[in-house]
Amino acid sequence: MIEPASDLSIAKGAEMLAQGQVVAFPTETVYGLGADATSDPAIASIYAIKNRPTFNPLIVHVATPDDAKALVKVDDRAETLMQAFWPGPLTLVLPRLPNSPISLLASAGLDSIAIRQPDHPVALALIRRAGRPIAAPSANASGSISPTTAQHVEDSLGNRLALIVDGGPCRVGVESTVLDLTQADPTILRPGGVSAQELEAVLGQSVGIAKHDANIVAPGMMASHYAPERPMRLNQEKAEPGEALLAFGPNYPHATLNLSVRGELTEAAANLFAMMRRLDIPDYSAIAVTPIPQSGLGLAINDRLSRAAAPK
Ligand code: TXA
Ligand code: MG
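It should be emphasised that the depicted structure is a prediction, and the values quoted were computed from it without experimental measurement.

## Structural notes on the site of ligand 1
Surveying the vicinity of ligand 1 reveals 22 residues, the closest of which are Thr-29, His-61, Ser-112, Ser-176 and Arg-190. Within the contact set of ligand 1, an oxygen atom lies 2.6 Å away from a side-chain nitrogen or oxygen of Thr-29. Interatomic distance of 3.0 Å between a side-chain N/O atom of Ser-112 and a nitrogen atom of ligand 1. The set of elements that each furnish at least two residues to the shell around ligand 1 consists of strand E4 (59–61), strand E6 (112–116) and strand E10 (187–190). Broken down by element, the shell around ligand 1 gets its largest block of residues, three residues, from E6. Among the residues making up the shell around ligand 1, the classes are represented as 12 nonpolar, six polar and four charged.

This is the structure in structure tokens:
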């Protein structure tokens, strides 16, 4: 499914992205597995293709800094860094705007969004033509090495992808630096294409580096991770009086909300974060959740639910 980058393959890829499909494309760092960042079902397909056991938050790719400003809160530090390093291998983690259209699944339920403008003509053309922000993790199966050629993507995920746009080998070859700007002290969560020294020189401020397991530990464990205020009770067949019932599958006609009446795990993943938020309201004393199969995307769904249910 590899097609060389051209006006034709980029137009085709953009059309597929606009329809909610997943397309692999080159950036200056590594190849990305892209999908419409505003669509929960499209993002669920990324997780399904990568076969990740957890919902790691994804990086949102935009064509211009102005496009980022419609999605996240850009302060003076972020503005300065965008001017110095964008387009380029620097991802900024910034607060989600209240009306941000970005899928909650893309940010794994977090109130922050990781965002960057890639420095690659094919990536930029694809994002521009698709007319929407594109979420993209590295285009490899979970646990394998990040791909820097279209052939790497084909080897790792080829049988699960309709289109890989080939823009040649990636220039940088390592992932972008992920810089957290949601706190007063800027902190590197993942080292990458831009160094701490380069960031400090531009910011005029020291930049911390998160302890080395901070990016190994699933971000679902991060303290900032969204957890419902209400207690959650998992593997329940019914709710107690006063509780909401979050169901999965066709056997729960009285559910408050159903992740997927058809019993489809991709649909359930797409609905998970938005539905947890909708039920986390004073109308309910707790959220009871019916069993979710422990297979495929069910692993990531159950992982996220058990974190949400853990004592706080
Ligand atoms: O170079 C790159 O960054 C490549 C290309 C395709 O752009 N993308 C990439 O994405 O490496 P991925 O999903 O493999 O890595 C995303 C990183 C993870 O370390 C994740 O934890 C972090 O970004 N991240 C994403 N959103 C975050 C958030 N809201 N808060 C903290 N960390 C976040
Ligand atoms: Mg990766």
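Having seen the structure, we can now continue with the description.
## Remarks on the environment of Thr-38
Examined against the element boundaries, Thr-38 turns out to sit in the loop between strand E3 (32–36) and helix H2 (40–50). Along the chain, Thr-38 and Ile-134 lie 96 residues apart, while their C-alpha atoms are 8.1 Å from each other. Sequence-distant contacts of Thr-38, defined by excluding residues within four places in its chain, comprise Pro-101, Ile-102, Ser-103 and Pro-133.

## Focus: the domain arrangement of the chain
For the chain, the domain assignment lists domain 1 (2–209) and domain 2 (232–309). With centres defined by C-alpha atoms, the gap from domain 1 to domain 2 works out at 29 Å. Contacts between the two partners involve 16 residues from domain 1 and, on the opposite side, 14 residues from domain 2. The contact between domain 1 and domain 2 buries some 1100 Å² in all, and 71% of this surface belongs to carbon and sulfur atoms. Sorting the residues of domain 1 by area buried against domain 2 places Pro-53, Phe-55 and Leu-104 first, and these three jointly supply 40% of that buried surface. Here domain 1 is connected to domain 2 by one salt bridge. Across the salt bridge formed by Arg-277 and Asp-111, the nearest N and O atoms sit 3.2 Å from each other.

## Considering helix H5 (residues 121–130)
Along H5, the positions that sit buried rather than exposed are Val-122, Ala-123, Leu-124, Leu-126, Ile-127 and Ala-130. Of the surrounding secondary structure, the elements contacted by the buried residues of H5 are helix H1 (7–18), strand E2 (23–25), E4, strand E7 (134–135) and strand E8 (164–166). Positive backbone phi, at 70 degrees, marks Gly-131, one or two positions downstream of H5.

## Quick look at the packing of aromatic side chains
Counted according to the given criterion, the structure contains two aromatic pairs. Geometrically, the ring pair formed by Tyr-47 and Phe-55 is edge-to-face, given 4.9 Å between the ring centres and 80 degrees between the ring planes. Comparing Tyr-47 with Phe-55, the two get one shared label, buried. Geometrically, the ring pair formed by Phe-55 and Phe-273 is edge-to-face, given 5.9 Å between the ring centres and 70 degrees between the ring planes. One end of the pair, Phe-55, is in the loop between H2 and E4; the other, Phe-273, is in helix H8 (residues 265–279), with 218 residues separating them in the sequence. In this pair, the class of Phe-55 matches that of Phe-273, namely buried.

What counts and what doesn't
Residues numbered from 1 in each chain as written. Chains lettered and ligands numbered in written order. Predicted model: local features only at pLDDT ≥ 70, side-chain atom pairs only at ≥ 80, totals over all residues. Heavy atoms only, no water. Near = heavy atom within 4 Å. Polar contact = N/O pair within 3.5 Å; in protein donor to acceptor, adjacent residues only side chain to side chain. Helix = DSSP H or I, 4+ residues; strand = E, 2+ residues; numbered from the N terminus. Nonpolar A, V, L, I, M, F, W, Y, C, P; charged D, E, K, R; others polar. Contact = heavy atoms within 4.5 Å. Domains from an automatic or database assignment. Buried area = accessible area lost by both parts, 1.4 Å probe. Salt bridge = Lys/Arg side-chain N within 4 Å of Asp/Glu carboxyl O. Buried < 20%, exposed > 50% of the residue type's maximum accessible area, 1.4 Å probe, protein only. Phe/Tyr/Trp six-rings, centres within 6.5 Å; stacked < 30°, edge-to-face > 60°.

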